[in-house]
Every structure is written in C-alpha cells, then in structure tokens.
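As a plain string of letters, each chain reads:
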Amino acid sequence: MNAVRDPAVGAGTRPDTDTGTDADAGTEVIVVGAGPTGLLLGAELALGGVRVQIIERRATAQRDSRALTLHPRSIELMDQRGLVERFLARGRPVPGWHFAGLDTPLDFSALDTRHGYTLFLAQARTEQLLEERARELDVTIRRGHEVVGLRQDAGGDGGDGAGDGGSGAGGVEVDVRGPDGVVETVRARYVVGCDGGRSVVRRAAGIGFPGTDETLSGALGDFATVDPAALDHARAHGVLAVPLEPEAADTEDPAAGRTGGLTRIVLLDPERMRTPAAEPLTLDEFRASLLRICGTDCGVAGARWLSRFGNATRLAARYRSGRVLLAGDAAHIHFPAAGQGLNTGLQDAMNLGWKLVAEVNGWAPPGLLDSYHAERHPAGQAVTENTEVQTLLAELTLLPSYQRPAAALRKLMAGLLGIEEVNRRLAGLVSALDTGYPPADAGAHPLAGRRMPDIALTAAGSAAVRVYELLPHGRFLLLDLAGDDEMKRAVDTGWGPRVAAFTVTGHDSRADLDGVREILVRPDGHVAWATCTTDPQARRAERARALADWAGLPAGG
C-alpha cells in the first residue's frame with residue numbers, strides 16, 4: 001500500500017481501526033461527499049450496477065439554500081435520466097440570465113435546447129431530489145462519517161493515472177471515523193472525492209490545487225420578510241434580489257430544507273469587500289451594507305441564512321491520481337459569478353459515472369478513465385477563467401480610481417451583448433451547452449464530442465420519441481438513420497448490455513444531420529461517433545471500430 005493520509009491524522013501512525021464491520025462488504029466505489037455532485041455520481045454508478053457507498057461528514061441533510069441555479073445543460077442531464085419533471089415541479093424557470101451583472105441579459109431562450117432557461121432551485125432542494133434518486137437505486141449514504149485517511153495499492157493502476165481496463169489488481173483503503181469516534185477501514189476499487197474545496201481526499205492523494213487566494217468577498221442572505229417595493233430600487237444599484245421557490249406544505253420538513261417563500265439578496269459592499277469570507281456575517285452588518293449601497297435596508301427580516309463568499313480560484317492539477325478521482329468543488333473553486341459551480345460539478349459527475357462503470361465492470365477500452373481528466377479539466381479551466389473575468393468587471397466598479405473607466409467598460413460590454421452572436425456565445429459558455437470534447441481523431445465527423453441534440457425520432461410502427469427519452473438507463477445509444485437491417489442484430493449480439501440500438505425511420509430536420517447515417521451517443525449525452533459513409537459494408541466496419549473504441553470489445557471478442 002502507498003499511504004496517502006490526511007495530515008490531520010498523522011502520517012506515521014495508523015489509527016485504531018475497527019475492521020470487523022460489514023460497511024465495505026462488496027463496495028466497489030466510495031464517493032466522499034453527499035452534495036449534489038456526490039449524490040448524482042452515486043446514482044450514476046448504481047445505475048450501471050456498481051456497488052457504491054457515499055460517505056458524508058455532516059450528520060443531517062443540507063437545509064440552507066446555498067447555490068440557487070440549475071442551468072440548461074444540467075437540466076438536460078436530468079431530462080436524460082427521466083428526472084426533469086421532479087425538478088421543474090419545485091423550481092422556477094427564468095429565461096434570461098446574466099454575465100457579470102451587465103444590464104443586457106444572456107438570452108438562454110435562444111439557445112439550441114428544449115430547456116432554454118435557468119431554473120431557480122435552492123441547493124437544499126436539489127440535494128433532496130438527488131438523494132431520493134440515489135436511494136431509489138439502493139445507494140448507501142452514511143451520514144455523520146468522516147474520512148480521516150486514505151491509501152491506495154501500488155499495483156493495478158500504479159497510482160500514475162494509467163488505466164487498467166478493469167483487469168488490474170489493486171484498490172483503495174479509506175479510514176472512516178463514525179459518529180461514535182471509532183475509526184474503521186473501508187476498502188474499494190476506486191474513491192472519488194466530492195468533498196468540497198477543502199477536500200480531504202484531494203489532500204490525502206497529494207493532488208495539487210494551484211490558483212489564487214481570496215482578495216474579495218461578497219455577502220448574501222435568504223430572508224423570510226422583505227419590502228417588495230424597495231427591491232427594484234436595490235436592483236438598480238447592483239443588488240441581486242430574487243425569490244426562491246414558492247412556499248409549500250413541506251417547507252418546514254427537516255429533510256426537505258427551508259427554502260419556500262424566501263428572497264435571496266446578494267451584494268458587494270465596497271466598505272466590506274475585503275472582509276475575509278470566513279468571518280461571520282450578521283444581520284446588522286447586512287442591513288448596513290444595503291443602506292450604504294442603495295439607501296434602504298429593503299425591510300429584510302427573518303434571516304434564514306447569512307453568508308459571505310470569496311473569490312479564491314483554484315483548479316486541481318489532476319482530476320485523477322491512480323484510483324483516486326476528484327469532482328465538483330474538490331476539483332475547482334471560484335467566485336460564484338453566474339452560478340456555475342454546482343452545475344459544473346453535476347456535469348463532472350455525469351462524465352465520470354459511466355466511465356467508472358465501464359472500468360469496474362471490466363469492459364472499458366484503454367484510456368477511457370483517463371479521458372475524464374482530459375475532458376473535464378479544460379471545462380473546469382473555462383469556468384475558473386470566465387468567473388475571474390466577471391469578478392474583475394464587478395470589482396473595478398467598486399474602486400474609486402477605476403469607477404469611471406469601469407463604468408464605460410461595462411457599458412461597452414452590455415452593448416456587445418446586444419449583438420445576437422456575442423450574446424449566444426457567452427450564453428453557450430455559461431449554460432455549458434457549448435461544452436464539447438475534442439475527438440482524438442482529427443478526421444472525425446463534426447458532431448463528435450458535441451452534445452447530442454434532443455431531436456424527435458420515429459421508428460416503424462412507433463410514436464415519436466425524443467433522443468433524451470432513450471437515455472434513462474445510462475447506456476450508449478446507437479441511432480441508425482440509414483435503415484441497415486443488420487445493425488440491431490449485430491449490436492445486440494456483441495454489445496447488447498452496453499448499447500441500445502434504435503433504427504430511425506424519421507427525425508427532425510437539422511442541417512448538422514444532413515447526410516448522417518449513424519450516430520453513437522454516449523451515456524452522458526455527448527456524441528461519440530457519427531458517420532456519413534454510404535457503403536453499408538464500409539459503414540459496418542467503421543461502426544464496429546467505433547463501438548470497440550468506446551464501448552469495449554464485443555461479447556466473446
């Protein structure tokens with residue numbers, strides 16, 4: 001075993017352990033952290049038949065509203081798993097969004113998606129819905145348990161990020177301290193740290209977290225009482241004020257959080273923006289900040305949650321070290337500009353889940369698990385960079401020596417956002433709908449790596465169905481648009497448990513589908529492969545290579 005331990009435990013000694021429990025019996029993946037990222041990842045792993053347990057330090061579920069937004073790509077992910085109606089029933093759709101709080105909004109409704117809006121939904125509610133999903137799939141969630149040490153074998157993956165295709169020996173041991181203080185050791189094949197910006201897993205695995213320290217902080221509060229007449233005045237002075245979900249009968253259910261009927265107010269106070277984010281925020285301070293900024297305290301009362309947030313920005317040097325992986329805030333932290341953090345974590349989980357399923361179940365092609373870092377690290381970098389830009393645009397207006405040019409810059413930027421293509425470009429960036437994964441083959445079809453559009457399809461004798469309605473089981477989806485009679489039999493015989501084949505007799509007309517004969521859609525909704533090859537024999541050979549490259553060797557192959 002290569003020992004990699006949280007420094008708080010002590011590198012030279014092994015804690016007293018209780019190894020007589022059955023907590024790790026048959027566990028294949030341990031997910032550390034039961035926030036949105038960890039809960040979705042646990043559900044994705046269980047969907048693929050992987051035995052998983054989630055370890056969470058907090059004894060109870062999240063009750064504070066915290067993050068507030070689900071952006072279009074995250075809503076699409078919920079749609080792909082048949083969960084979207086649960087979220088829509090509790091959230092509030094908002095068609096426009098913002099970049100750095102500029103006067104011209106981002107128009108999500110103009111994007112190429114069925115979900116062209118932001119969904120206002122408190123994190124407490126998002127976690128509740130994702131936990132329901134995880135428990136439906138029999139995921140074990142162990143609350144009140146804290147990871148205090150971690151070691152991984154030198155064999156198998158070798159600890160250097162090289163994939164083993166599911167065949168190598170090796171594993172990870174995690175020391176877990178329970179509510180009674182007793183430490184037990186749980187063993188699994190992989191561990192994923194979804195345990196936030198101060199990730200114990202990341203530190204224990206020795207993964208660097210380069211970036212910049214906090215230089216700026218903002219303040220937010222969720223209030224049961226506000227003066228509605230004062231909110232528009234506050235907004236005109238740069239204060240964000242939005243209602244959370246409507247009051248509901250189960251609002252005070254401890255398991256459901258306390259978010260109904262509240263108003264979220266977010267501000268940057270020039271006189272308090274250098275206050276460390278870790279310093280407690282009081283209601284009196286919040287009211288004083290509102291008075292300084294806009295001349296009214298907006299009648300705020302009944303504070304359910306008060307918090308500061310800072311602009312420390314860091315990105316993990318690696319998303320994988322051997323059998324230890326990172327996702328969500330454990331891999332990237334940044335200022336919450338445009339509400340991208342939670343969404344980026346959900347997209348990490350969706351990308352990683354099916355790849356870990358492939359590794360654990362033994363059919364992953366070489367390098368598949370390494371593609372998680374290759375694909376998601378650039379996505380994390382894009383988010384950290386655009387949030388730094390947005391933070392700078394906001395901060396400059398608060399500095400007296402820069403206020404005049406900063407105001408001119410913001411006016412210029414707002415004007416540029418009035419240009420349709422510029423608006424669409426930034427809307428695609430913030431919504432993550434433009435996130436694509438460059439294919440390894442330079443000659444790949446232009447669809448490869450892009451998110452698959454949710455077009456309507458028909459087959460012989462069937463009613464229309466959307467692409468995303470064919471993805472709830474987390475398998476690859478092969479769409480035959482050419483009517484190859486042999487396709488379904490060949491796929492079912494060789495890759496049946498991993499790939500669902502669907503022969504299309506009609507579909508929505510789109511320019512990017514002109515001439516396309518077959519499309520292989522990944523379990524996360526991105527296109528793995530597409531072809532315009534017309535010769536049936538050549539296309540079948542091309543298809544077989546693509547399936548082997550993505551879904552592993554065929555049965556008996």
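Residues numbered from 1 in each chain as written. Predicted model: local features only at pLDDT ≥ 70, side-chain atom pairs only at ≥ 80, totals over all residues. Heavy atoms only, no water.

Draft legend 1. Summary view of the packing of helix H1 (residues 36-47) against helix H8 (residues 341-361). In the contact formed by H1 and H8, the axes pass within 8 Å of each other and the chain directions differ by 25°. Here H8 runs roughly parallel to H1, going by the angle between their axes. Helix-helix and strand crossings are classified by hand; for H1 and H8 the assignment is right-handed. Of the residues in H8, those in contact with Pro36, Thr37, Leu40, Leu41, Glu44 and Leu45 of H1 are Leu342, Gly345, Leu346, Ala349, Met350, Leu352, Gly353, Leu356 and Val357. Considering only residue class, the contact of H1 with H8 consists of 11 nonpolar, three polar and one charged. (Axes fitted to C-alpha atoms, helices over the stretch in contact; angles between N-to-C directions. Helix = DSSP H or I, 4+ residues; strand = E, 2+ residues; numbered from the N terminus. Parallel < 35°, antiparallel > 145°, perpendicular 65-115°, else oblique. Left-handed = near helix turned anticlockwise from the far one by under 90°. Contact = heavy atoms within 4.5 Å. Nonpolar A, V, L, I, M, F, W, Y, C, P; charged D, E, K, R; others polar.)

Draft legend 2. Main features of the side chain of Arg143. Within the secondary structure, Arg143 sits in strand E9 (residues 140-143). By relative accessible area, Arg143 is classed as buried at 17%. Each residue touching Arg143, except ones within four places of it in the same chain, is listed here: Ala34, Glu56, Arg58, Ala59, Thr60, Ala61 and Glu131. (Buried < 20%, exposed > 50% of the residue type's maximum accessible area, 1.4 Å probe, protein only.)

Draft legend 3. Summary view of the pattern of salt bridges. This model, assessed by the stated rule, comprises 44 salt bridges. A salt bridge links Glu173 to Arg151; its shortest N-O distance comes to 3.0 Å. Here the residue Glu173 occupies a position in strand E11 (residues 172-177), and Arg151 occupies one in strand E10 (residues 146-152), the gap between them amounting to 22 residues. Relative accessible area serves as the criterion here: at 17%, Glu173 is assigned to the buried category. Residue Arg151 is classed as buried on the basis of its relative accessible area of 5%. Among the charged side chains, a network of salt bridges with common partners joins Asp484, Glu486, Glu518, Arg539, Arg540 and Arg543. (Salt bridge = Lys/Arg side-chain N within 4 Å of Asp/Glu carboxyl O.)

Draft legend 4. Highlighting a nonpolar patch on the surface. Together, Leu409, Leu412, Leu416 and Ile419 give the surface a local cluster of nonpolar side chains, amounting to about 330 Å² of exposed area. With respect to the element layout, Leu416 can be found in helix H10 (residues 403-416). (Patch = residues over 30% accessible without salt bridge, like charges linked within 9 Å, V, L, I, M, F, W, Y side chains within 5 Å. Areas by Shrake-Rupley, 256 points an atom, 1.4 Å probe, with all protein chains shown as cover.)

Draft legend 5. Here's a closer look at the side chain of Thr27. Position of Thr27 relative to the elements: it lies in the loop between strand E1 (2-4) and strand E2 (29-32). The class for Thr27 is buried, based on a relative accessible area of 12%. Side chain to side chain, Thr27 and Gln53 meet in a polar contact 3.1 Å long. (Polar contact = N/O pair within 3.5 Å; in protein donor to acceptor, adjacent residues only side chain to side chain.)

Draft legend 6. Spatial organisation of the packing of aromatic side chains. The final tally for this structure, using the stated rule, is six aromatic pairs. Plain terms: the ring middles of Trp354 and Phe476 are 5.3 Å apart, the flat faces sit at 85° to each other, and that makes the pair edge-to-face. Taken together, the residues span a long stretch of sequence, with Trp354 in helix H8 and Phe476 in strand E25 (residues 476-480) at a distance of 122 residues. Both residues of the pair, Trp354 and Phe476, count as buried. (Phe/Tyr/Trp six-rings, centres within 6.5 Å; stacked < 30°, edge-to-face > 60°.)

Draft legend 7. Representation of the nonpolar core within the structure. Core analysis: the biggest nonpolar cluster contains 67 residues, and Val29, Leu45, Phe87, Val192 and Leu356 have the highest contact counts within it. Considering each element in turn, this core owes the most residues, eight residues, to H8. (Core = buried A, V, L, I, M, F, W, Y, C linked by side-chain atoms within 4.5 Å.)

Draft legend 8. Empty space enclosed by the protein, seen in detail. Evaluation of the coordinates by the stated rule reveals three cavities of 30 Å³ or more. By volume, the largest cavity amounts to about 90 Å³. As for the largest cavity, its lining consists of Arg73, Leu77, Gln347, Met350, Asn351, Arg376, Ala432, Thr435, Tyr437, Asp524 and His526. Taken together, the residues of the lining of the largest cavity sort by class into four nonpolar, four polar and three charged. The computed volume of the second largest cavity comes to approximately 60 Å³. Contributing to the lining of the second largest cavity are Ser217, Gly218, Ala219, Leu267, Leu268, Asp269, Arg272, Met273, Leu281, Glu285, Ser289 and Arg308. Elements that contribute at least two residues to the lining of the second largest cavity include exactly strand E15 (217-225) and helix H7 (283-294). Examining the composition of the lining of the second largest cavity, we find that three residues originate from one element, E15, more than from any other. A breakdown of the residues in the lining of the second largest cavity according to their chemical character gives five nonpolar, three polar and four charged. (1 Å grid on protein atoms, 1.4 Å probe; cavity = no way out; pocket = protein on both sides within 12 Å on 5 of 7 lines; lining within 4 Å. Points joined across faces, edges and corners; volume = space filled by probe spheres on them.)

Draft legend 9. Quick peek at unusual backbone geometry. Phi is positive for Asp138, which is not a glycine, with a value near 65°. The residue Asp138 is located in the loop between helix H4 (123-136) and E9 in this model. With a phi close to 70°, Ala432 is a non-glycine residue in the positive phi region. Within the secondary structure, Ala432 sits in the loop between helix H11 (420-431) and strand E23 (456-458). Using a relative accessible area of 8% as the deciding quantity, one classes Ala432 as buried.

Draft legend 10. Summary view of the environment of Glu214. Looking at the element boundaries, Glu214 is found in the loop between strand E14 (211-212) and E15. Overall, Glu214 belongs to the partly exposed group, its relative accessible area being 34%. Measuring from C-alpha to C-alpha, the distance between Glu214 and Thr275 comes to 9.9 Å, with 61 residues separating the pair along the chain. If near-sequence neighbours (up to four positions away) are discounted, Glu214 is found in contact with Thr275, Pro276, Ala277, Gly310, Asn311 and Ala312.

The analysis is restricted to geometry; functional conclusions fall outside its scope.
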